Amino acid sequence: MVKDMTVGSPSRILFFFAMPMILGNLFQQLYNIVDSVVVGNFVGADALAAVGASYPITFLFVAIAIGASTGCSVVISQLFGAKRYGEMKTAVYTSLFSIGGLGLVLMGIGLLISAPILRLLGTPENIFADSAVYLNIYFLGAGFLFLYNTLTAVFNALGDSKSPLVFLAIASVVNIGLDLLFVIEYQMGVAGVAWATLIAQALSSALSLLFLLRRLRRMESAEAHRLYDLRMLTRMLRIAVPSMIQQSIVSLGMLFVQALVNSFGSTVVAGYTAATKIDSIAMMPMLNISNAVSSFTAQNIGAGKPERVKKGYRAALLLMVVIGLAITGCLFLFGADFMSLFVDANVSQRVIDVGVEYLRVVSVFYIVMGGMFSTNGLLRGAGDVKAFMASTLCNFVCRVTCAYAFASLLGAGSIWWSIPMGWSLGLLISFLRYRSGKWAGKSLVGDRKVPPGRQEADGEPS
């Protein structure tokens with residue numbers, strides 16, 4: 001069901017909105033985690049490294065999809081908060097057509113450039129063929145990737161974080177079953193896990209689309225809506241284009257980091273791959289709280305309630321501290337156990353040692369990351385895209401620069417020590433912008449229409 005975030009307790013709304021998102025993204029991470037676990041245990045460490053060597057390139061496509069859907073979700077959420085349902089539907093349909101088409105175009109480009117990019121990154125020869133196979137199958141599903149990210153962004157903009165959870169749960173079960181079938185039973189190796197992921201993504205996209213279309217038909221609005229509107233697209237592009245550029249630059253930074261990782265050999269590549277999988281799961285709660293802050297902020301900006309946004313921001317920071325400390329403790333104590341899920345310690349102890357070192361360094365700074373995520377989520381939801389971009393880009397420029405600068409001194413350790421350095425700089429930039437208060441006047445939907453009695457019902461001044 002849709003959720004109006006402009007009334008009620010901010011802390012309660014953020015918590016219960018974020019929890020299904022956290023669970024949903026854990027299921028989504030299962031796509032990659034199960035791929036790595038199955039490959040690492042049933043095919044070998046080289047196959048695990050092959051999947052990992054493909055990650056920065058696949059991350060680039062995910063980043064573009066997220067950047068594109070960000071512009072759509074902010075506009076949709078602000079229109080929903082302003083109760084302009086006809087325009088909101090127009091924004092939804094325009095988003096689906098535009099981003100779906102972009103996904104198909106990038107699918108073709110990806111198939112053409114996969115091998116040259118792997119060469120450019122210096123992918124070790126013993127894992128090159130498997131990396132290329134995994135990438136090409138992944139690119140075939142790019143249309144589903146873009147469609148699903150758009151659908152999830154729309155659901156979140158409407159205050160519904162539960163529906164994507166259901167569809168992801170179904171798709172994850174299918175993905176796990178197909179992984180085991182294709183790799184163990186049919187001996188398809190890396191190609192098997194890639195096909196399993198593609199099929200699971202297609203299923204989740206189809207289910208989400210059917211459910212959303214049904215919901216939109218049931219939402220009554222006095223205003224007419226269109227299936228496609230260029231003016232609405234232009235409005236969304238104000239956020240989407242800078243977000244795609246920002247995410248693409250971040251992804252290029254990841255490519256440079258992966259090239260540095262590759263230079264240390266396949267053992268470090270495998271350890272780094274497994275550790276980043278664990279790290280990505282550990283970061284999910286805080287990333288999803290950030291997304292919740294974005295939806296909360298956008299709806300309240302649309303409703304003309306910037307002071308309520310500040311209450312939500314403070315509640316989010318508290319959640320980040322509690323969750324960050326708990327996850328840090330788990331990774332510090334049980335990092336080796338988590339790594340052993342990916343590789344056999346009797347065969348690849350060095351791989352586990354590399355991963356544990358990564359996890360122990362990075363996890364200590366999760367509170368810093370949580371603060372950056374919360375503040376960036378607020379700026380993104382307010383439509384303050386320039387400040388959001390500045391924080392994120394400086395974070396990754398710092399990370400890439402420090403990784404290379406200290407590589408001769410710290411070896412592979414420079415890669416993981418550079419991460420908290422980037423987080424610290426990103427937090428400083430975004431927090432200074434938040435303190436300035438300039439984000440409060442960045443509405444993307446024009447005049448805000450606040451229904452009579454809304455402030456009185458919420459107990460807050462206008």
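Quick caveat: nothing in here was measured; it's all calculated off a predicted structure.

Student: Can you explain the nonpolar core? Please cite residues and give values.
Tutor: Counting 67 residues, the largest nonpolar core has M339, Y358, Y366, L378, W416 and W439 as its most contacted members. Considering every element that reaches this core, the biggest residue donor is helix α9 (residues 266-302), with 15 residues. Of all hydrophobic cores here, the second largest spans 43 residues; its members include M88, L147, L151 and A157.

Student: Go over a nonpolar patch on the surface, please, and point to the residues and values.
Tutor: A surface patch of nonpolar side chains, about 590 Å² in accessible area, is lined by L111, L140, L181, Y186, M188, W195 and I199. Among the structural elements, L181 can be located in helix α6 (residues 162-185). Relative accessible area serves as the criterion here: at 33%, L181 is assigned to the partly exposed category.

Student: Quick one: what's the story with the packing of helix α5 (residues 142-157) against helix α7 (residues 189-218), residue by residue and with numbers?
Tutor: Each pair of packed helices gets described by two things: the angle between the helix axes and the distance between those axes. Relative orientation of the contacting elements α5 and α7 amounts to 40 degrees, with a least axis distance of 9 Å. When the interaxial angle is binned, α5 and α7 end up oblique. Judged by the sense of rotation from one axis to the other, the crossing of α5 with α7 is left-handed. Of the residues in α7, those touching α5 at F144, L145, L147, Y148, L151, V154 and F155 are L198, Q201, A202, S204, S205, S208, L209, F211, L212 and R215. Class assignment for the residues of the contact of α5 with α7 results in 12 nonpolar, 4 polar and 1 charged.

Student: Kindly report on the environment of E357, identifying the contributing residues and their values.
Tutor: Within the fold, E357 resides in helix α11 (residues 349-363). Measuring from C-alpha to C-alpha, the distance between E357 and G81 comes to 45 Å, with 276 residues separating the pair along the chain. Here E357 is in contact with G413 and W416, once residues within four sequence places are set aside.

Student: I'd like a rundown of the packing of aromatic side chains, residues and numbers included.
Tutor: What the rule picks out here adds up to 15 aromatic pairs. For the pair F80 and Y85, a centre-to-centre distance of 5.8 Å together with 45 degrees between the ring planes defines the contact as tilted. Considering the side-chain rings of Y138 and F139, the 6.3 Å spacing of their centres and the 75 degrees angle between planes classify their relative orientation as edge-to-face. For the pair formed by Y138 and F139, the shared burial category is buried.

Student: Explain the side chain of Q78 residue by residue, including any values.
Tutor: Within the secondary structure, Q78 sits in helix α2 (residues 45-81). Q78 gets classed as buried once you look at its relative accessible area, which sits at 0%. Here G381 takes part through its backbone oxygen, which lies 3.3 Å from a polar atom of the side chain of Q78.

Student: Got a sec to walk through the pattern of salt bridges? Specific residues and values, please.
Tutor: Scanning all chains against the criterion turns up 7 salt bridges. Across the salt bridge formed by D160 and R215, the nearest N and O atoms sit 2.4 Å from each other. Placement of D160 in the loop between α5 and α6 and of R215 in helix α7 is noted, with a sequence separation of 55 residues between them. The residues D160 and R215 share a single accessibility class, namely buried. For R226, the salt bridge goes to D229, with nearest N and O atoms at 3.1 Å.

Conventions we followed
Residues numbered from 1 in each chain as written. Predicted model: local features only at pLDDT ≥ 70, side-chain atom pairs only at ≥ 80, totals over all residues. Heavy atoms only, no water. Core = buried A, V, L, I, M, F, W, Y, C linked by side-chain atoms within 4.5 Å. Buried < 20%, exposed > 50% of the residue type's maximum accessible area, 1.4 Å probe, protein only. Helix = DSSP H or I, 4+ residues; strand = E, 2+ residues; numbered from the N terminus. Patch = residues over 30% accessible without salt bridge, like charges linked within 9 Å, V, L, I, M, F, W, Y side chains within 5 Å. Areas by Shrake-Rupley, 256 points an atom, 1.4 Å probe, with all protein chains shown as cover. Salt bridge = Lys/Arg side-chain N within 4 Å of Asp/Glu carboxyl O. Axes fitted to C-alpha atoms, helices over the stretch in contact; angles between N-to-C directions. Parallel < 35°, antiparallel > 145°, perpendicular 65-115°, else oblique. Left-handed = near helix turned anticlockwise from the far one by under 90°. Contact = heavy atoms within 4.5 Å. Nonpolar A, V, L, I, M, F, W, Y, C, P; charged D, E, K, R; others polar. Phe/Tyr/Trp six-rings, centres within 6.5 Å; stacked < 30°, edge-to-face > 60°. Polar contact = N/O pair within 3.5 Å; in protein donor to acceptor, adjacent residues only side chain to side chain.

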